[in-house]
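Summary of the model geometry
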Amino acid sequence: MSSIFKGSPYRRPNDLEAGSSRSVHSDDEEQEFSDGPFHITSTKNAPIDRLRRWRQAALVLNASRRFRYTLDLKKEEEKKQILRKIRAHAQAIRAAYLFKQAGERVNGTSIPHPTPAGDFAVGPEQLASVSRDHNFNALQEYGGVKGLSELLKTNLDKGINGDDPDLLKRRNAFGSNTYPRKKGRSFWRFVWEACQDLTLIILMVAAAASLGLGIKTEGPKEGWYDGGSIAFAVLLVVVVTAFNDYKQSLQFQKLDDEKRNIHLEVVRGGRRVEISIYDIVVGDVVPLNIGDQVPADGILISGHSLAIDESSMTGESDIVHKDSKQPFLMSGCKVADGSGTMLVTGVGINTEWGLLMANLSEDTGEETPLQVRLNGVATFIGFVGLSVAVLVLVVLMIRYFTGHTKDSTGRREFIAGKTSASNAVDGVIKIITVAVTIVVVAVPEGLPLAVTLTLAYSMKKMMVDKALVRRLSACETMGSATTICSDKTGTLTLNQMTVVEAYVGGRKIDPPDSSSELPDTLMSLLIEGIAVNANGSVFTPDGGGDVEVSGSPTEKAILNWGIKLGMNFSAVRSGSSIVHVFPFNSDKKRGGVAIRLPDSKVRIHWKGAAEIVLAACTWYHDANDSIVAMDEEKMVFCEKAIETMAAGSLRCVAIAYRSYESEKVPTEEEQLARWALPEDELVLLAIVGIKDPCRPGVKDSVQLCQKAGVKVRMVTGDNLKTARAIALECGILQSDADASENNLIEGKDFRSLSDSQREDVAEKVSVMGRSSPNDKLLLVQALRKRGHVVAVTGDGTNDAPALHEADIGLAMGIQGTEVAKENSDIIILDDNFASVVKVVRWGRSVYANIQKFIQFQLTVNVAALVINVVAAISSGDVPLNAVQLLWVNLIMDTLGALALATEPPTDHLMHRPPVGRREPLITNVMWRNLLIQAVYQVCVLLVLNFQGRKILHLDHEKSIEHANDVKNTLIFNAFVLCQIFNEFNARKPDEKNIFRGLGKNYLFIGIVTITIIAQVIIVEFCGKFAKTVKLNWKLWLVSIAIGFLSWPLAFLGKLIPLPKTPLSKIFSRKFYGQRNRSSRQKE
């Protein structure tokens, strides 16, 4: 869905492969790597041309399978065209209505009376003509938003009744807030796509030809085995592949549904309740705050500085201000600034957003850097395999037609002028079948898909660990994270705030809710300031019971403190009218409200960061109920109080007010919207200290990150001293010695540095206090320029640029706004830092599992290719036939991926440094393991191929033909068992104990068990199909012994010391060194 929001002002402009802020590597070798089509370090916002380039460079025999879960570039273009059409259609309808309205005004015609819908005096068509078509005249005819609410039986203050019968009536009359979704692909569609593999098509054609010839020469009873067995093997590969892909598709669909299910607050029965976006009905009253998504079409009831980003609907990035003259709100848009409440008038398919969503199919395809790199690996292996297959084909053809190919009895298979045409064609088909099957084994189409399988599995399990993945590549990138820039509130702390200290009337009151010590006027002003300057609400049940407080944790803490002081929230709010609101701003760290009292006087209340509000105060209200000038002594007293509370890890908030001349307040709505509330000459009322305890276990999580080579940095809007105290408590700062100037910085100091200074400071800094969202963005950019892979947490709308700029943006699921979530890659559902650490583990697990699978698959590739090629060239025959190779392909491709790509993460992963994004996929450890196993398998099986009859004493068998069949069956059986044993080795490439954690991986055990059972059935009962014969128990023991030897070999191999520099870099340096020397010699 990201393409829909391309016009949004929250998005980072001109992001070339998400590398605009990344340092340029001057090293020729690095430059050489980065120029390759398969080297994309980050696919976040990568240009379409670059994505198209690597697709064109890939050798692909089955495009539908290889590129299934990558971005469909053609569909992306189609989606943009649909968007343009729908927008143009909506704008044309609006223009027509405006033209019609102008005509009606001239002719004096009136708007038609509303048509009833069930129990309501207005129907969905009339509501659509008002809201979707922005028909202001019709709205006025209905009596404005108040008249419309009466027609919809809605109380603008208390909302709808909200009981089940009421909700059912509204859904029946106006529809639900859902839209028809395009059906996902069926299982048979996946079967059809799997059948489109070019190699499998060639094999099916060969099977059909072999079937026809076999029946013709040997009769229907015996002649169908050769062709039929190949056809059955191909069918098995197709069905297993399709089932695997279909299962993944359902998983992605489920995760996509989870992403769309936004939760928000509505007012029902006078109280705020949280519901799913799908449960909104026409008539609902919805509070809107900065960063929220407009959940349905509606009319503005009231708003303060409300600005809407309509880029998702209009394609224009302009912010539209909403007021009584422009009250129409469109579903799917985002609140860019301010706050307000809306009356829902259209839901689901009756909204423009619903029409848009119904016409767009969600594309779950997405690039991941690992997918792109694995396509490069698959392409390289594919070229090698194709070359080998062509070589085998040519050699076998030459040997066959020159009479050097002999059957099992030693007779020549082809004699010029004597061999019949049908026999010659049959011989050629068998040769082509072997060559094509080598291609099937050699071209690992499942290699890039193993990434998707691992990511799909990880995404599902991460949901259990409270992390919802929005971008597949984020799972993978998280394994490379070198630093995490974390918010403090709610992430490192519990977000359960309470006022524990209070300074009121120029002195400390203890306990903080002791109202008896406060004079009446001061108490009245303080309670007024708490009640009117609040974005939360207080609901008191009619029949008594506990008071319900809603809002942000800070708001709730202050409101609860106000209630303890004796505040009657609704009575205070109704005692004055709000003139203008300055919503809390994370840059200015304060929020204010202007109210008009019953005597027409105007009072302005401010609340915010204690030292910032205090700096604007020139007076204070003392304990004698007098307003006294703020002298230096009292200022020092207040500053000391703030420092003491901050050192005790308390969040400090100051509450102040001032009176204002009524005649200076703008009267025009447009002027009022632009009016900047006066913030000087304030009278200080109170300074409160709010406690937000650290989350249990957060210190252990931080230490785990530090052991894993991931530096945790705290970025908070709180006072630097508060941040320092919390950082010490959380373990981000180890001791007071760490809490030095080098590790601590304020946002304003950081932003005042030059770019180069900022990079140097960013490297050292552990805590940033009083930071604005822009400071967080600058920190992310500086760290990325230093080559760090940066993960950032954020919850506010203004965090969107930093979340978007970071390699991994982590939005908070509870406190996070929709804008923050929209720009993130992963949503932390419980806002807990421990969940962020779990995401790091899963990211490393993804990378580790892919490497396990690559090691396993390349071992099979190398062994199968070498065995068949050497045997074909030397003797003209291959020990592994088409059906056997197809079974091996199934083991290594689909079943191998399932077994190894779904290995759960272990603590061992967090005891190693992050995976470098430019590190080679095949490490030195993998090369060592791979070569040991491949060389062992090739040597043993080739010895068996050429000397097997003698070694196994098969010369006394009843016939040479039978002896060869036993030998070839043993080779096939030993080869498959080698892969099964090697699958255990692949689980732990760098650990000596390959069985650790095996008991927890039921899927691995199940797949290995199924593979063994299937192998026994193929050898013992499917001789006609697989060209095998039954083996006696001694030969089964020999096969098992050959496979088992791979375990001690792997153990001994892990004792071999390895160079730290990757082999690929060593060879590339030698290559570039020779190339540079030769170029210098030419000069």
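See the structure printed just above.
One structure accompanies this document, and this report is about it. (Residues numbered from 1 in each chain as written. Predicted model: local features only at pLDDT ≥ 70, side-chain atom pairs only at ≥ 80, totals over all residues. Heavy atoms only, no water.)

**So, the overall build of the protein**
Helix and strand content of the protein: 40 helices and 26 strands. Put simply, of all contacts in the protein between residues at least 6 apart along the chain, 74% involve residues at least 24 apart. Of the roughly 45,800 Å² of accessible surface on the protein, 56% is carried by carbon and sulfur atoms. (Helix = DSSP H or I, 4+ residues; strand = E, 2+ residues; numbered from the N terminus. Contact = heavy atoms within 4.5 Å. Areas by Shrake-Rupley, 256 points an atom, 1.4 Å probe, with all protein chains shown as cover.)

**Points about the pattern of salt bridges**
By the definition in use, this model includes 33 salt bridges. For arginine 272, the salt bridge is made with glutamate 265, and the minimal N-O distance between the two is 3.5 Å. Linked through salt bridges whose partners overlap, the residues forming this network are Lys334, Arg470 and Glu822. (Salt bridge = Lys/Arg side-chain N within 4 Å of Asp/Glu carboxyl O.)

**Here we look at the packing of aromatic side chains**
Per the stated rule, a full pass over the model turns up 16 aromatic pairs. Relative to tryptophan 606, the ring of phenylalanine 582 lies with its centre 5.7 Å away and its plane at 55°, an arrangement referred to as tilted. Note that phenylalanine 582 is positioned in strand β14 (residues 577–585) and tryptophan 606 in strand β16 (residues 602–609), a separation of 24 residues in sequence. Its relative accessible area of 2% is what places tryptophan 606 among the buried residues. Taking 6.2 Å as the distance between ring centres and 55° as the angle between the ring planes, the aromatic pair formed by phenylalanine 984 and phenylalanine 995 counts as tilted. Taken as a pair, phenylalanine 984 in helix α35 (residues 960–987) and phenylalanine 995 in the loop between α35 and α36 (1002–1021) lie far apart in primary sequence, eleven residues in all. (Phe/Tyr/Trp six-rings, centres within 6.5 Å; stacked < 30°, edge-to-face > 60°. Buried < 20%, exposed > 50% of the residue type's maximum accessible area, 1.4 Å probe, protein only.)

**Side note on the sheet that holds strand β21 (residues 711–715)**
Spatially, β8-β26-β25-β24-β9-β21-β23-β22 is the arrangement adopted by the eight strands of the open sheet, whose pairing is mixed. The sheet is open, and its two edges are formed by β8 (467–469) and β22 (744–746), each paired on a single side. Each adjacent strand pair in this sheet contributes to an overall mean axis angle of 20°, direction not counted. Across four bridges, strand β9 (residues 483–486) lies against β21 in parallel orientation. (Pairing = 2+ DSSP bridges. Axes fitted to C-alpha atoms, helices over the stretch in contact; angles between N-to-C directions.)

**Points about a positive patch on the surface**
Taken together, the side chains of Lys247, Lys254, Lys460 and Lys461 define a basic patch exposed on the protein surface. If you list the elements that add at least two residues to the positive patch, you get α12 (225–260) and α17 (446–464). The residue lysine 460 is located in helix α17 in this model. (Patch = residues over 30% accessible without salt bridge, like charges linked within 9 Å, V, L, I, M, F, W, Y side chains within 5 Å. Lys, Arg positive; Asp, Glu negative; His and termini not counted. Charge placed at Lys NZ, Arg CZ, Asp CG, Glu CD.)

**A few points about the nonpolar core**
Of all hydrophobic cores here, the largest spans 84 residues; its most connected members are Ile438, Trp887 and Phe975. Formed by 65 residues, the second largest nonpolar core is a distinct cluster that contains Met459, Cys475, Val915 and Met926. (Core = buried A, V, L, I, M, F, W, Y, C linked by side-chain atoms within 4.5 Å.)

**Observations regarding helix α19 (residues 520–532)**
Here α19 is 13 residues long and its end C-alpha atoms lie 18 Å apart, about the 18 Å a rise of 1.5 Å per residue gives. Within α19, ten of the 13 residues are buried, which leaves the element mostly enclosed by the surrounding structure. Looking at α19, one finds that the buried residues are Leu522, Met523, Leu525, Leu526, Ile527, Glu528, Gly529, Ile530, Ala531 and Val532. (Expected span 1.5 Å × (residues − 1).)

**A word on the side chain of serine 550**
For serine 550, the location among the structural elements is in strand β13 (residues 548–550). Here serine 537 takes part through its side chain, which lies 2.7 Å from a polar atom of the side chain of serine 550. Sequence-distant contacts of serine 550, defined by excluding residues within four places in its chain, comprise Glu265, Arg272, Gly536, Ser537, Lys556 and Leu559. (Polar contact = N/O pair within 3.5 Å; in protein donor to acceptor, adjacent residues only side chain to side chain.)

**A closer look at helix α8 (residues 164–174)**
Along α8, the residues classified as buried are Asp166, Leu167, Arg170, Ala173 and Phe174. On an axial view of α8, the arc spanned by its buried residues comes to 135°, and they lie on one face. Seen from the open side of α8, the exposed residues pointing more than 90 degrees away from its buried face are Asp164, Pro165 and Asn172. For α8, the secondary structure elements touched by its buried residues are α5 (124–131) and β1 (263–268). Glycine 175 occupies a position one or two residues after α8 and carries a positive phi of about 90°. (Arc of directions from axis to C-beta.)

**Topic: the pairing of β1**
Looking along a regular strand, one sees side chains alternate from face to face of the sheet. With six bridges connecting them, β1 and strand β2 (residues 271–276) associate as antiparallel partners. By the bridge assignment for β2, leucine 264 is matched with isoleucine 275. Hairpin geometry of β1 and β2 is characterised by an intervening segment of two residues between the two adjacent antiparallel strands and by a positive phi of about 60° at glycine 269.

**Concerning unusual backbone geometry**
Backbone torsion omega between aspartate 510 and proline 511 reads 0°, so that peptide bond is classified as cis. Relative to the helices and strands, proline 511 is located in the loop between β11 (507–509) and α19. Even without glycine at this site, serine 600 takes up a positive phi of about 70°. For serine 600, the position within the fold is in the loop between β15 (590–596) and β16. If you check the backbone angles, arginine 770 has positive phi at about 45° while not being a glycine. Within the secondary structure layout, arginine 770 lies in the loop between β23 (767–769) and α29 (773–785).

**Details of a nonpolar patch on the surface**
Taken together, the side chains of Ile1012, Ile1013, Val1016, Ile1017 and Phe1021 present a nonpolar region at the surface, about 450 Å² in accessible area. Under the relative-accessibility criterion, phenylalanine 1021 is labelled exposed at 64%.

**Re the packing of helix α32 (residues 833–875) against helix α34 (residues 924–951)**
Contact geometry of α32 with α34 gives a least axis separation of 9 Å together with a crossing angle of 30°. Looking at the two axes, α32 sits roughly parallel to α34. Crossing geometry of α32 relative to α34 is assigned as right-handed. Note on element contacts: α34 touches α32 through Met926, Asn929, Leu930, Gln933, Ala934, Gln937, Val938, Leu941, Leu942, Asn945 and Phe946, opposite Gln851, Ile854, Gln855, Leu858, Thr859, Val862, Ala863, Val866, Ile867, Val870, Ala871 and Ser874. A breakdown of the residues in the contact of α32 with α34 according to their chemical character gives 15 nonpolar, eight polar and no charged. (Parallel < 35°, antiparallel > 145°, perpendicular 65-115°, else oblique. Left-handed = near helix turned anticlockwise from the far one by under 90°. Nonpolar A, V, L, I, M, F, W, Y, C, P; charged D, E, K, R; others polar.)

**A few points about the pairing of β15**
β15 sits mainly inside the fold: six of its seven residues count as buried. Sheet topology places β15 next to β16; seven bridges connect them, and they run antiparallel. Note on β16: the bridge partner recorded for isoleucine 595 is arginine 603.

**Considering the environment of serine 552**
In this structure, serine 552 sits in the loop between β13 and α20 (553–564). Exposure remark for serine 552: the relative accessible area of 32% places this residue in the partly exposed category. Measuring from C-alpha to C-alpha, the distance between serine 552 and alanine 534 comes to 9.7 Å, with 18 residues separating the pair along the chain.

**Some points on the environment of alanine 899**
Turning to its location among the elements, alanine 899 is positioned in helix α33 (residues 882–901). When its relative accessible area of 0% is taken as the criterion, alanine 899 is described as buried. When the C-alpha atoms of alanine 899 and asparagine 1001 are compared, they prove to be 8.8 Å apart, with 102 residues separating the residues in sequence.

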